[in-house]
Amino acid sequence: MTNIPETGRTPRVQIRLVVIQILVLSLLGTLGGRLWYLQIRNGDEYAKEASGNHVQQVVQPAVRGSILDARGVPIADNETRLVVSASRTDLLKMKDDGKAVLTKLAGVLGMKPQEVMEKVRLCDAKTPQPCWNGSPYQPIPITDEATTQQALQIRERSEDFPGITAEPEAVRRYASPGKSNTAQVLGYLSPVTDDEITKAKDSNSPYLRSDQVGRNGLERAYDKELRGKAGVTRYEVDNLGRVIGKAESDAAEPGSNLVTSIDSRVQRVAEYELNEAMKKARQQYDKITSEYYKADSGAVVVMEAKTGRIVAMASAPTYDPNVWVGGISAKDYKALTGKNSDYPLLNRAIQGQAAPGSTFKVVSTAAAVEAGYEWDGGYPCTSSYSVGSQVFKNFEGESFGPISLGRALEVSCDTVFYGLADREWKKDGGINPKKGQPKDYFFKAAHQFGLGKETGIDLPNEVTGRIPDRQWKESYWKANKDAWCKTGKKNGSYVEKIAYENCLEGNKMREGDEINYSIGQGDTLVTPIQEAVIYGAVANGGTMYTPTIGKAIVSADGKSVQEIKPKAKGKLPVNKTTIKGMDDAFAGVVTRGTAAWKFGGWPQNKIPLHAKTGTAEVYGKQTTSWLATYSKDYTVIMTIAQAGTGSGASGEAVRNIYNALYGVGADGSIDKSKALLPTPQKGLPKIQTDGSIDAPAISKDPVKDLQASKTDDSGTTDQQLPAGTTPSPSGSNRDTRRRTARPKKRRGMRILT
């Protein structure tokens, strides 16, 4: 007898067969389900993707729109150049990653092999410029300055240069009409990155790998409008890559043109005068630091007072924006970003923050009136103001006796504002404020004037400035308390004493904080564009406008014109009577106050000018020059770091800008035929039926034209004083307008920024 069944299978074998059958059926079920999913559920989608395997795309880049000044003169447009590019994909297929080809290419182009190889490497956190930050699948431009002979050599010997192309392409050109630079306002372009392509994939303005995108300035702010839409032609190909038909085609749509409020002639004058003012400041000796002024950076803004439109905006140091076209070299990139560059990529008109000095007194005056102080009250302008054992001195120890708020603005009397701010500090409870919210009139006014936040100008990366109110002090103290307490010493150096005091009570509003704040010192920071908005509002009767540079977006065919209207964003927190008082006081600054020595002979009865000077102290540096001015048409703000006094360093340059705007001669006469812009440009340039925009001729250099006309009128030469200015005293600008050095030790006070 045997235990083996008739089938010849043991129970164990039968169990195994059942398990195998179950597994086979499960696999067949899974496979069937997957086939159903691929062929029925998502069949159409995969069929569409599969067809794409037999379609090749050819991209035709869109022509980027031009950026024009207010009269239609191109300040950024396009030109055709011979561009030599390398396909990174093709190069990496070679055994040596294309090094031999790139070395050979360098010889043809007259470049160093290392320079060419650096251009095709990909950017990352560890790779310095130059490098390629665009898509690795896009041809990488090596140079856009190839000669016809070089291009022909590459194309005729294509077998020697696999992966290399030499084609005519439209590239960006920053035209610099009339030698105006406008670099920081315009910005620059660079290739789109894979990350940007992914993020914009589902937006209404997706990127293609061939796109160049704006990285700064107007190029970035209006990138979507300027960029247009690239054309794409799709070809059907077989499995060998041969074209067998044309699938479909989307025509390229050129980008729109941007008309700005910039006047290239005024821009050139503003840039020139800023540069000349800085050069002259460097020739002046600073007795406080015992060295010549450094005057290492500055900015000037010319704005329409009644609209907020920017007529000119200059920042120094500056650079040629064309260095970015076709890829920037290592040398140029280092010059723009190195430690010794002074960072010319910064637009200091909107990104330069500094203590405003006495130009801030427009805010303090408004705060005093709101707090109940009479405009015509008699406020003691003494030579000094004492707080306990500490003495705050007035400018050069001057004393004018009891004066009004208007007169305090004219002569820039510090002690008047010391006293007003100190009284309000005490009313609010001193260092330990009363229960409930202190009134804080001086800080509230600053926020109402729009300080401590962006103005909203149509440029990227604007900074906010800073108003050191109680909320800011508390947050700043929490962030820095540990460091202050670690380094502070009660009887140490000046810096160590300040750290010690800040450790103990840096979160409290101390008496010295509010006193310093009242004259634009301490931790207060503003930008030139913020001051332009404020003084423009005083000029127009109290309306603050959002500053704008874009004036209209015009389609390439001229059929669509989208105007960018001026936008009011609020009112100054003062009544008409106070504005009238300020207006009269600022006129007095020009005729008999702190700026009078720079504006002698100005036709004040025909073109009234108004001004406020400021000299801001910065700890460890020389003083910052501020000059805020306005006429009925324009606001002109200039600031120069480490240059001396407001009127001394900036007065002559600002005067010359007004001379150019209104055609004012050395003797105060007005010749409208020589005026660049006696009234703001109201309309848009003429747009033709084909979309082209009429542009008037502009001279090679408006500055030289103005200098020539001055020479004709007065016989002066370049070596003599510029027309429309008065001889400066023989001493430095600090001798003419300087605060006496304040005591370094002040209990509980920050006196410098």
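None of these values were measured; they are calculated from a predicted model. (Residues numbered from 1 in each chain as written. Predicted model: local features only at pLDDT ≥ 70, side-chain atom pairs only at ≥ 80, totals over all residues. Heavy atoms only, no water.)

**Student:** So what exactly am I meant to see when it comes to the pattern of salt bridges here?
**Tutor:** Side chains that differ in charge, positive against negative, can pair when their charged atoms come close. Enumeration according to the criterion identifies 31 salt bridges in this entry. Arginine 173 is the partner of aspartate 77 in a salt bridge, and the nearest nitrogen-oxygen pair spans 2.7 Å. Taken together, the residues span a long stretch of sequence, with aspartate 77 in strand S3 (residues 74-86) and arginine 173 in strand S5 (residues 164-173) at a distance of 96 residues. Each of the salt bridges in this network shares a partner with another, and the network as a whole consists of Arg64, Arg172, Glu219, Asp223 and Arg227. (Salt bridge = Lys/Arg side-chain N within 4 Å of Asp/Glu carboxyl O. Helix = DSSP H or I, 4+ residues; strand = E, 2+ residues; numbered from the N terminus.)

**Student:** Honestly, the state of the cysteines in this entry has me stumped. Any pointers?
**Tutor:** Cysteine pairs can be covalently joined through their sulfur atoms, and such a bond is termed a disulfide. Evaluation of the coordinates by the stated rule reveals three disulfides. What pairs with cysteine 123 in a disulfide is cysteine 131, and their sulfur atoms sit 1.9 Å apart. The disulfide joining cysteine 123 to cysteine 131 has a torsion of about 100 degrees about its S-S bond and is therefore right-handed. On the accessibility criterion, cysteine 131 (11% relative accessible area) is buried. The connectivity of the disulfide bonds within the protein can be written as 1-2, 3-4, 5-6, using the sequence rank of each bonded cysteine. (Disulfide = S-S within 2.5 Å. Buried < 20%, exposed > 50% of the residue type's maximum accessible area, 1.4 Å probe, protein only.)

**Student:** Which parts of the structure should I look at to understand the packing of aromatic side chains?
**Tutor:** All chains considered together, the criterion is met by 15 aromatic pairs. Taking the centre distance of 5.4 Å and the plane angle of 80 degrees together, the rings of tyrosine 285 and tyrosine 292 count as edge-to-face. Taking the relative accessible area as the measure of exposure, tyrosine 285 reaches 39% and is therefore partly exposed. Arranged with centres 5.0 Å apart and planes meeting at 70 degrees, the rings of phenylalanine 360 and tyrosine 517 form a pair that is edge-to-face. Residue phenylalanine 360 is located in the loop between helix H13 (348-351) and helix H14 (361-370), and its partner tyrosine 517 is located in helix H20 (residues 511-517); the two are separated by 157 residues in the primary sequence. Judged on exposure class, the residue phenylalanine 360 and its partner tyrosine 517 are both buried. The ring of tryptophan 597 carries lysine 598 above its face, with NZ or CZ at 4.5 Å from the centroid. (Phe/Tyr/Trp six-rings, centres within 6.5 Å; stacked < 30°, edge-to-face > 60°. Lys NZ or Arg CZ within 6 Å of the ring centre and 35° of its normal.)

**Student:** Looking at this structure, how should I read helix H17 (residues 441-448)?
**Tutor:** Given 3.6 residues per turn, any residue in an α-helix points the same way as the ones three and four places further on. Along H17, the positions that sit buried rather than exposed are Tyr441, Phe442, Phe443, Ala445 and Ala446. Structurally, H17 contributes buried residues whose contacts are with H14, helix H16 (414-427) and H20. One or two positions beyond H17, positive phi appears at glycine 450, with a value near 90 degrees. (Contact = heavy atoms within 4.5 Å.)

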